[in-house]
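Coordinate analysis (summary)
One-letter residues, chain by chain:
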Amino acid sequence: MTGPFIWWHSQYDDQVHAFPLAQITQVGRGMLAARCTHSAHRDLIVDTADGMRCFRCVLLVNCPESPARATPIW
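The structure contained in this document is the topic of the report that follows. (Residues numbered from 1 in each chain as written. Predicted model: local features only at pLDDT ≥ 70, side-chain atom pairs only at ≥ 80, totals over all residues. Heavy atoms only, no water.)

1. So, the pairing of strand S1 (residues 5-10)
Counting buried residues in S1 gives five out of six residues, a clear majority hidden from the surface. In this structure, S1 lies alongside strand S2 (residues 15-20), joined through six bridges in antiparallel fashion. Its bridge partner being in S2, Trp7 is matched across the sheet by Ala18. Count of turn residues in the S1/S2 antiparallel hairpin: four residues, of which Asp14 carries a positive phi of about 60°. Across two bridges, S1 lies against strand S5 (residues 45-46) in antiparallel orientation. Paired with His9 across the bridge in S5 is Val46. (Buried < 20%, exposed > 50% of the residue type's maximum accessible area, 1.4 Å probe, protein only. Helix = DSSP H or I, 4+ residues; strand = E, 2+ residues; numbered from the N terminus. Pairing = 2+ DSSP bridges.)

2. Details of the nonpolar core
By size, the foremost hydrophobic cluster in this structure holds 16 residues, and its most contacted members are Trp7, Ala18, Phe19, Ile45 and Cys57. Elements with a contribution of two residues or more to this core: S1, S2 and helix H2 (55-61). Ignoring any residue separated from it by four or fewer positions in sequence, one finds Cys57 in contact with Trp7, His17, Ala18, Ala34, Arg35 and Cys36. (Core = buried A, V, L, I, M, F, W, Y, C linked by side-chain atoms within 4.5 Å. Contact = heavy atoms within 4.5 Å.)

3. Focus on the packing of aromatic side chains
Applying the stated criterion across every chain yields a total of zero aromatic pairs. When the ring centre of Trp7 is taken as reference, the NZ or CZ atom of Arg53 above it lies at 4.1 Å. (Phe/Tyr/Trp six-rings, centres within 6.5 Å; stacked < 30°, edge-to-face > 60°. Lys NZ or Arg CZ within 6 Å of the ring centre and 35° of its normal.)

Rendered as structure tokens:
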């Protein structure tokens with residue numbers, strides 16, 4: 001999965017994950033997969049970055065291999 005990413009809250013595990021923006025804009029897609037491979041049904045994803053960020057997503061999005069896609073974590 002490549003960026004850009006958007007940070008959204010998953011009610012499935014109550015964490016904020018990095019979801020690929022291209023995936024979110026696909027109409028009719030029921031399941032969304034985060035950068036860390038966490039997946040949840042679209043109905044369980046909330047359009048907010050409020051909450052605890054998934055540590056694995058933070059590491060994967062901010063990895064040195066992809067500095068152009070780096071997102072500040074605070």
